[in-house]
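What follows is the residue order along each chain.
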2 protein chains.
Amino acid sequence: MLSGYKSSGLLKARLNSLLLISLSSSNLIPSNGVEYILFSNISSDVSAIENDQVIPFQSFPHTAYIPPWVNIFTATIIMLKNGIALHHREKCSTGLSGLTAYAGLFEICKPKKGEKVFVSAACGSVGNLVGQYTKHLGCYVVGCASSLKKVKLFKEKLGFDEAFNYNEEADLKSILKRYFPDGIDIYFDNVGAEMLEAAILNMNLDGRVAVCGVISQYTDNEKRARPIMLSVIYKRITLRGFLANDYLSLFPEFITTTVNLINTGKIHVLEDVSIGLESVPSAFVGLFRGNNVGKTVVQVSDN
Amino acid sequence: MLSGYKSSGLLKARLNSLLLISLSSSNLIPSNGVEYILFSNISSDVSAIENDQVIPFQSFPHTAYIPPWVNIFTATIIMLKNGIALHHREKCSTGLSGLTAYAGLFEICKPKKGEKVFVSAACGSVGNLVGQYTKHLGCYVVGCASSLKKVKLFKEKLGFDEAFNYNEEADLKSILKRYFPDGIDIYFDNVGAEMLEAAILNMNLDGRVAVCGVISQYTDNEKRARPIMLSVIYKRITLRGFLANDYLSLFPEFITTTVNLINTGKIHVLEDVSIGLESVPSAFVGLFRGNNVGKTVVQVSDN
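Note that residues are indexed from 1 along each chain, following the sequence as it is written. The order in which chains are written sets their letters, starting at A; the order in which ligands are written sets their numbers, starting at 1. In view of the model being predicted, local features appear only for residues whose pLDDT reaches at least 70, and side-chain atom pairs are presented and counted only at 80 or more, with totals across whole chains, interfaces and linings using the full set of residues. Note that the side-chain values use all heavy atoms of the structure and ignore hydrogens as well as water.

**A look at the relation of the copies chain A and chain B**
Applicable threshold: Residues reaching a pLDDT of at least 70 in both copies supply the C-alpha atoms on which the copies are superposed by least squares. Contact between two residues is taken to exist if any of their heavy atoms lie within 4.5 Å; hydrogens are not considered.
Its rotation angle being 180°, the transformation that places chain A on chain B also includes 0.0 Å of axial translation and leaves an RMSD of 0.0 Å. Here the copies are linked by what is in effect a two-fold axis. Looking at chain A, 100% of its interface residues are interface residues in chain B too, so the copies touch through the same face.

Following this line, the structure appears as structure tokens:
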């Protein structure tokens, strides 16, 4: 599957300096109907960040074979420039996924202390950070995921107030009612479909939905939400789509805040590491099967 | 159907001073599952408005028989206080529907000159004003409605750039693409369902949707939009529900602006008048059948 890349002289040259390939299924870049892989080069040069400068993304798209069940594939290649600026573990939370969580939460949802926050796909690279940021802020946080193991992790390690395994729940509207007896103020949506419908039905007045990902739709285009728009009107709900790319100016603030929270033990880094370039396909498929716990990364070099 | 009201001493007393009953199907008040009629008393006392004071809505709900196909009925009773403050024709555009158009457009959509605006149910009491306000502002405006007669009215009388009869169009996505080759910046949604889906597919970056009404869903709860949420993400679209009630503080500004535009011939008043209290049921049903052209009012007194 990746042989096309190995034959690319440009990519080979770049791969020599790689530490990690970071895989994403949410908050993707538009495909415009063309199958492609977008490699985004995030520089993590700390001196640049200290000078309050952000080195812009430099992207170079490659057309390649993509499995028929997905038309978009995003791999963020974390490149090393002039030495390792951040520790390996910090990188897992401070890449594009981390910025997605940070910008989506603070710019789109604007949470206030005490508000009730629901995060779907809360074990993903974005979701786990959204939950941890809001918990740190003093919100009531409930996450959902696809296994009991993840649910335990939310409550025992990440400090979520509640969590549930949506695979065990037939009636999402009722389960949200149970976990949010006072309603949901903020829904950070990574999945779409029935979960979005159920969240809207349980939202409070002036509820905010950050539309971050639609994982339900990546593998089945017919699995789409049919929200009750009357509820959107009556409850003055705002739904807003966003991409992290629009918030690059927040990068220094995001890095500083997040690294500080990691280093003081206020938030935990969740990563799911595979070794070797050949593991990219299985790691990527795992994202759509809900196998990953935290940020999915592929380590292709150990320097 | 309305005999219940006639037997109400309170209502009878109030009816004696009525000029018009104004009927609405969009931007309704929540029903909370209870069948009721909400009578909102809008005072249109000009002296109060000139003093920059707004007389608050005073509502008194009545439980009554409602046809089974609709669970909400809003009748705004325009009461006369100390003489007629505004002319009859101005009232038609300066009631709750007018405030809905004004607040939804300027507070939710924030149109800028030159932007491309699409209005559904554009012949309704709200839609026709949204189109006229935006046209006056220098936007490109397209409206849709349910008959050729209304389409002609938009273009010939109201100055819309384009208009179409959605009953003649099988492919809403394509028709919007044809009328908006450069995409839609603002969609003022009064209908929901397939029209909302098609509008989202044709929106530009940073598109805004004012979720004002869901007339498709009033008579068939299964007729719900299944928007492509990936488009909402990629195009950073904001959908926002609202009720005019939240914008009562805009009432003086709205009245002044609108009366001025009417009196200088910049916008036209569209009204659909039935005579006599007994015509309320048929006038109301007409709203859901798309019979009305402009604001539906029932004249119950000619003083």
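**A closer look at the packing of aromatic side chains**
Residues and elements named next belong to chain A. Note the cut-off: Aromatic contacts are taken between Phe, Tyr and Trp rings whose centres are within 6.5 Å, Trp giving its six-membered ring; a plane angle under 30 degrees counts as stacked, one over 60 as edge-to-face, and the others as tilted. Here a strand is any run of E in DSSP of at least two residues, a helix any run of H or I of at least four, and the numbering for each starts at the N terminus. Here the term buried applies to any residue with accessible area under 20% of the maximum for its type, exposed to any over 50%, and partly exposed to those in between, with areas from a 1.4 Å probe on protein chains only.
Under the criterion given, the structure shown has 22 aromatic pairs over all chains. Here the aromatic rings of Phe118 and Phe164 are separated by 6.0 Å at their centres, their planes lie at 10°, and the arrangement is stacked. Taken together, the residues span a long stretch of sequence, with Phe118 in strand 5 (residues 116–119) and Phe164 in strand 7 (residues 162–165) at a distance of 46 residues. Grouping residues by exposure puts Phe118 and Phe164 together as buried. A ring pair is formed by Phe118 and Phe180, whose centres lie 6.0 Å apart and whose planes are at 75°; its orientation type is edge-to-face. One end of the pair, Phe118, is in strand 5; the other, Phe180, is in the loop between helix 8 (172–179) and strand 8 (184–189), and 62 residues separate them in sequence. Each member of the pair, Phe118 as well as Phe180, is classed as buried.

**As for helix 7 (residues 148–158) of chain B**
Residue and element names in this part refer to chain B. Applicable threshold: What the arc measures is the spread of directions leading from the helix axis to the C-beta atoms.
Of all the residues in helix 7, the buried ones are Lys150, Val151, Leu153, Phe154 and Leu158. The buried residues of helix 7 occupy an angular sector of 155° when the element is viewed end-on, so they sit on one face. Exposed side chains of helix 7 directed beyond 90 degrees from the buried face belong to Leu148, Lys149 and Glu156. On its buried side, helix 7 packs onto helix 6 (127–137), strand 6 (140–145) and strand 7 (162–165). Positioned one or two residues after helix 7, Gly159 has a phi angle of 80°, which is positive.

**Brief notes about the sheet that holds strand 6 (residues 140–145) of chain A**
Two strands in a sheet stick together by hydrogen bonds in their backbones, pointing the same way (parallel) or opposite ways (antiparallel). We count it as follows: Any two strands with at least two DSSP bridges between them are considered paired. Every axis in this analysis is a line fitted to C-alpha atoms, fitted for helices over the stretch in contact. Angles between the N-to-C directions lie between 0 and 180 degrees.
The sheet built from 12 strands is open, its strands ordered 7(A)-6(A)-5(A)-8(A)-9(A)-10(A)-10(B)-9(B)-8(B)-5(B)-6(B)-7(B) with mixed pairing. The open sheet terminates on both sides in strands that have one partner only, identified here as strand 7 of chain A together with strand 7 of chain B. With strand direction ignored, the average angle separating the axes of adjacent strands in the sheet is 15°. Sheet analysis places strand 9 (residues 203–211) of chain A next to strand 10 (residues 238–241) of chain A, joined by 4 bridges and oriented parallel. The residue bridging Val211 of chain A from the neighbouring strand is Gly241 of chain A, located in strand 10 of chain A. Sheet strands in contact with helix 8 of chain A are strand 5, strand 6, strand 7 and strand 8 of chain A, and its direction is about 165° off that of strand 7 of chain A. In this fold helix 8 (residues 172–179) of chain B packs onto strand 5 (116–119), strand 6, strand 7 and strand 8 (184–189) of chain B, with an angle of close to 165° to the strand it touches most, strand 7 of chain B.

**Let's talk about the interface of chain A and chain B**
For clarity, the threshold we go by: By salt bridge we mean one thing: a side-chain nitrogen of Lys or Arg within 4 Å of a carboxyl oxygen of Asp or Glu. Definition of a polar contact: a pair of N or O atoms within 3.5 Å, with one able to donate and the other able to accept a hydrogen when the atoms are protein atoms, and with sequence-neighbouring residues admitted only if both atoms are side-chain atoms. Here the nonpolar group is Ala, Val, Leu, Ile, Met, Phe, Trp, Tyr, Cys and Pro; Asp, Glu, Lys and Arg are the charged ones; every other residue, Gly included, is treated as polar.
On the chain B side, the residues contacting the 34 residues of chain A number 34 residues. For the pair chain A and chain B, the number of links is 4 salt bridges. Residue Asp246 of chain B is joined to Arg236 of chain A by a salt bridge in which the shortest nitrogen-to-oxygen separation is 2.6 Å. Run the count over chain A and chain B and you get 7 residue pairs in polar contact (both at pLDDT 80 or more). Contributions of two or more residues to the side of chain A that touches chain B are made by helix 9 (193–201), helix 10 (215–219), helix 11 (229–234) and strand 10 of chain A. In terms of residue count, helix 11 of chain A provides more of the side of chain A that touches chain B than any other element does, 5 residues in total. Partitioning the side of chain A that touches chain B into residue classes produces 21 nonpolar, 6 polar and 7 charged. Across 3 bridges, strand 10 of chain A lies against strand 10 (residues 238–241) of chain B in antiparallel orientation. Paired with Arg240 of chain A across the strands is Thr238 of chain B, a residue of strand 10 of chain B.

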